[in-house]
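So the chains spell out like this:
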Amino acid sequence: MTQDELKQAVAREAIRYVVDGEIIGVGTGSTANFFIDELAKIKDRIQGAVASSEATAARLASHGIRVFDLNAVDSLAVYIDGADEIDASGAMIKGGGAALTREKIVASVARQFVCIADGSKLVEVLGSFALPVEVIPMARASVMRALSALGGQPRLRLQKGSDQPLITDNGGEILDVAGLRISDPVGLETQIDHIVGVVASGLFARRGANVCLLGTPEGVKTLRFA
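Residues numbered from 1 in each chain as written. Predicted model: local features only at pLDDT ≥ 70, side-chain atom pairs only at ≥ 80, totals over all residues. Heavy atoms only, no water.

Regarding the sheet that holds strand E10 (residues 173-178)
Note the threshold: By the convention used here, strands pair only if DSSP detects at least 2 bridges between them. A run of DSSP states H or I qualifies as a helix once it reaches four residues; a run of E qualifies as a strand once it reaches two. Both are numbered from the N-terminal end. Here, axes are lines fitted to C-alpha atoms. For helices the fit covers the stretch in contact, and angles between N-to-C directions go from 0 to 180 degrees. The criterion used for residue contact is that any of the two residues' heavy atoms lie within 4.5 Å.
Strand order in the open sheet formed by 4 strands is E9-E10-E8-E11, and the pairing between neighbours is antiparallel. Of all the strands in the sheet, the pair left with one neighbour each is strand E9 (153-156) and strand E11 (198-201). Ignoring strand direction, the axes of neighbouring strands in this sheet form an average angle of 30°. The pairing of strand E8 (residues 131-135) with E11 spans 3 bridges and is classified as antiparallel. Note on E11: the bridge partner recorded for Val133 is Ser201. Taken strand by strand, helix H4 (residues 100-109) contacts E8, E10 and E11, and its axis lies near 70° from that of E11. Seen against the sheet, helix H6 (residues 185-193) touches E8 and E11 and runs at an angle of roughly 165° to E11.

Section: the sheet that holds strand E12 (residues 203-204)
Strand order across the open sheet formed by 3 strands is E5-E6-E12, with antiparallel pairing between neighbours. The two strands at the open ends of the sheet, each matched to only one other strand, are strand E5 (85-86) and E12. Strand direction decides the pairing type here: E5 and strand E6 (residues 92-93), joined by 2 bridges, are antiparallel. From the neighbouring strand, Ile86 faces E6, where its bridge partner is Met92.

Let's talk about the packing of aromatic side chains
For clarity, the threshold we go by: When the centres of two rings from Phe, Tyr and Trp lie within 6.5 Å, Trp using its six-membered ring, the rings pair. Their planes under 30 degrees apart give stacked, over 60 give edge-to-face, and anything left gives tilted. Each residue gets one of three labels from its accessible area relative to the maximum for its type: buried under 20%, exposed over 50%, partly exposed in between, using a 1.4 Å probe on protein chains only. The rule is short: NZ of Lys or CZ of Arg within 6 Å of the ring centre and within 35 degrees of the ring normal puts a charge over the ring.
Scanning all chains against the criterion turns up 1 aromatic pair. With a centroid separation of 5.0 Å and an interplanar angle of 80°, the aromatic rings of Tyr79 and Phe113 are classed as edge-to-face. Within this pair, whereas Tyr79 is found in strand E4 (residues 79-81), its partner Phe113 is found in strand E7 (residues 113-118), the two being separated by 34 residues in sequence. Residue classification places Tyr79 among the buried residues on the basis of a relative accessible area of 0%. In this structure, Lys94 packs its charged tip against the face of Phe204, placed 5.5 Å from the ring centre. The residue whose ring lies beneath Lys104 is Phe204, and the NZ or CZ to ring-centre distance is 5.0 Å.

Focus: unusual backbone geometry
Its identity as a non-glycine residue notwithstanding, Ala98 has a phi of 65°, on the positive side. By the element assignment, Ala98 lies in the loop between E6 and H4. Using a relative accessible area of 13% as the deciding quantity, one classes Ala98 as buried.

With respect to the side chain of Glu38
If you trace the backbone, Glu38 turns up in helix H2 (residues 30-39). Judged by its relative accessible area of 16%, Glu38 falls in the buried class. Setting aside anything within four residues of it in sequence, one finds Glu38 in contact with Ala11, Arg12 and Ile15.

Next up, the structure:
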């Protein structure tokens, strides 16, 4: 099976976690896009969705799915999103699509977080994928120094084909931090969050996944976390 076929398989399986009559949270990225396309087939069963990015909101709306502002929603039954890496505890690295801050906000409101990913995303130790950190632009240099002191190798993410910084939906910039072997995801997430100028890190450990649907050539495997 191709990687896209694995993503499609977990997207279809994730429909089982959609709660009828509820508003659900939807993530950002290629795997989340496959889920949105599947969600469109059952859109009459839900009230609508909260999007974690402008791109996701546009894709939901293109399918005729009502998009809610999170400020108008008290809670979400479930948040469904992909991951760049996930470990055996349900801790994740996210943010390859530059939507980590809104993803973290929407996930915090959901009663259940369902991660959908192909099998290559499951790792023993997080950190092979460079950790995204969103920063206030004026704090970029000072945050880079702090991240370097933690053992990382931060690099400013640029727009594709440009020497200009990529700007997030929030007006922030992204630092991608390579060279980390993250044996204590919760501890590192807390450390990075306390750096002045950081908006959010792509470590999802304090609020990790409850369930991971992992696409493999043998079928979709379900991992559950405490």
